[in-house]
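Structural overview
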Amino acid sequence: MQISRLPTGIKGLDSLIEGGFPIPSIILVSGSAGSGKTTFAFQFLMEGAKRGEKGIYISTLSESWDWMLRFMSTFQFFDARYVEDGTIIYIDLGSELAELDEMKILNKIRDVIAYHTPQRMVIDPINVVNNYVKNYRQFMFELVTMLKEWSTVTLLTGEVVEGEKYPVDVGYTADGIISLIMRSEGDIIKRYVQILKMRGTAHSLSNHPLEITGEGIEVLRARF
């Protein structure tokens, strides 16, 4: 049976994963600070908006839309009109996390999905929730189970520490894991992307060079 897929909007990535992310699926995009996780997430949502697909971006960091707008407006792929007209819904969950228990967080996300019925969704970053729930691993299992009830592709971004490729408590539940890598080579830092996991997909396992320019993120073919 052929798997339906959503194009990612990341130039050069779809050819490495048979045309896009499987529908439905949970994709973990992991990397250290500054690796491009939020840019990746918005580029994914904007691709959907241009195709007439609804999207939801949930921030867990109490970042206002005005702050995010200043940052994302530097990229050519970004169009604020899609947020203004409701094609993409921006939700600041971070300001509420301290007041919600595990079930209330899950219900909040479920209610948002049920009301807006998005095709694409982002929770950025998911790690922050660990500070507010008693059993993070169980919470992640219940969150992913709930998300898979909808025909949605959800990106969970995950912050990693040095020596870690992805947050294990998140990765075990994900259908796909994409690692954004920053590596010191001599006096410069180079960026790479590696597809560690993508269920139902024949995918590359190589480290592919990655560039972030004014046009957004682009994945280049591995040179070896």
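Sequence order sets the numbering: in each chain, residues are counted from 1 along the sequence as written. With pLDDT at 70 or above as the cut-off, local features in this predicted model cover only qualifying residues; side-chain atom pairs require 80 or more to be listed or tallied, and sums for whole chains, interfaces and linings still use all residues. Each side-chain value is worked out from all heavy atoms of the structure, with water and hydrogens disregarded.

1. Re the sheet that holds strand S6 (residues 120-124)
Put simply, the rule reads: A pair of strands counts as paired when DSSP detects no fewer than two bridges linking them. Strands are runs of DSSP state E lasting at least 2 residues, helices are runs of H or I lasting at least 4, and numbering of each runs from the N terminus. Only the contacting stretch of a helix is used when fitting its axis, a line to C-alpha atoms as for every element, and angles between N-to-C directions run 0 to 180 degrees. Contacts are residue-level and defined by heavy atoms, with any inter-residue pair within 4.5 Å sufficient.
An order of S5-S4-S6-S7-S3-S8-S9-S10-S11 is seen for the nine strands of this open sheet, with the pairing classed as mixed. At either end of the open sheet lies a strand with only one pairing partner, and these are strand S5 (88-92) and strand S11 (216-219). Strand after strand, the sheet turns through a mean of 20 degrees between neighbouring axes, direction not considered. Looking at chain direction, S6 and strand S7 (residues 153-159) are connected through four bridges and run parallel. By the bridge assignment, Arg120 is partnered in S7 with Val153. Relative to strand S4 (residues 55-59), helix H4 (residues 102-116) is tilted by about 160 degrees, and along the sheet it contacts S4, S5 and S6.

2. Here's the deal with the nonpolar core
Inclusion rule: Nine residue types can take part in a nonpolar core, namely buried Ala, Val, Leu, Ile, Met, Phe, Trp, Tyr and Cys, and a core is a set of them joined through side-chain atoms within 4.5 Å. With a 1.4 Å probe rolled over the protein chains alone, any residue whose accessible area is under 20% of its type maximum counts as buried; one over 50% counts as exposed, and the rest are partly exposed.
Judged by nonpolar contacts, the single largest core of 36 residues is most densely connected at Leu13, Phe21, Ile27, Phe40, Phe42, Leu155 and Ile178. Only strand S3 (25-31), helix H1 (37-50), helix H2 (65-72), S5, S7, strand S8 (176-185), strand S9 (188-198) and S11 provide two or more residues apiece to this core. With seven residues, the single largest contributor to this core is H1. Excluding residues within four positions of it along the chain, Ile178 makes contact with Leu13, Phe21, Ile27, Leu28, Val29, Ser30, Phe40, Val193, Gln194 and Met198. One finds Ile26, Leu28, Ile123 and Val170 within the second-largest nonpolar core, a separate group that totals 31 residues.

3. Describing helix H5 (residues 136-147)
Stated formally: What a helix is expected to span follows from its residue count: subtract one and scale by 1.5 Å.
Over its twelve residues, H5 runs 16 Å from end to end, which matches the ideal 16 Å to within 8%, given 1.5 Å per residue. Residues of H5 that are buried make contact with S3, H4, S6, S7 and helix H6 (168-171).

4. Regarding unusual backbone geometry
Of note, the bond from Ile23 into Pro24 is cis; its omega dihedral lies within 30 degrees of zero at -10 degrees. Assignment of secondary structure puts Pro24 in the loop between strand S2 (21-22) and S3. Residue Pro125 is reached from Asp124 by a cis peptide bond, and omega for that bond is -20 degrees. Relative to the assigned elements, Pro125 resides in the loop between S6 and H5. The phi angle at Glu18 is positive, at roughly 60 degrees, despite the residue not being glycine. Relative to the assigned elements, Glu18 resides in the loop between strand S1 (5-6) and S2. Note on Glu18: relative accessible area 45%, which makes it partly exposed.

5. What to know about the packing of H4 against H5
Put simply, the test is: Roughly parallel refers to an angle under 35 degrees, roughly antiparallel to one over 145, roughly perpendicular to one between 65 and 115, and oblique to any angle outside these ranges. Take the far helix as the reference: if the near one is turned anticlockwise from it by less than a right angle, the crossing is left-handed, and if turned clockwise, right-handed. Throughout, the ten residues Ala, Val, Leu, Ile, Met, Phe, Trp, Tyr, Cys and Pro are labelled nonpolar, Asp, Glu, Lys and Arg are labelled charged, and all others, Gly among them, are labelled polar.
Two elements in contact, H4 and H5, have axes whose closest approach is 11 Å; the angle formed by their N-to-C orientations is 15 degrees. The orientation of H4 relative to H5 falls into the category roughly parallel. Where H4 crosses over H5, the two elements pack in a sense that is right-handed. Counting all contacts with H4, which are made through Glu102, Ile105, Leu106, Ile109, Arg110 and Ile113, the residues of H5 involved are Phe139, Glu142, Leu143, Met146 and Leu147. For the contact of H4 with H5, the class distribution of residues is eight nonpolar, no polar and three charged.

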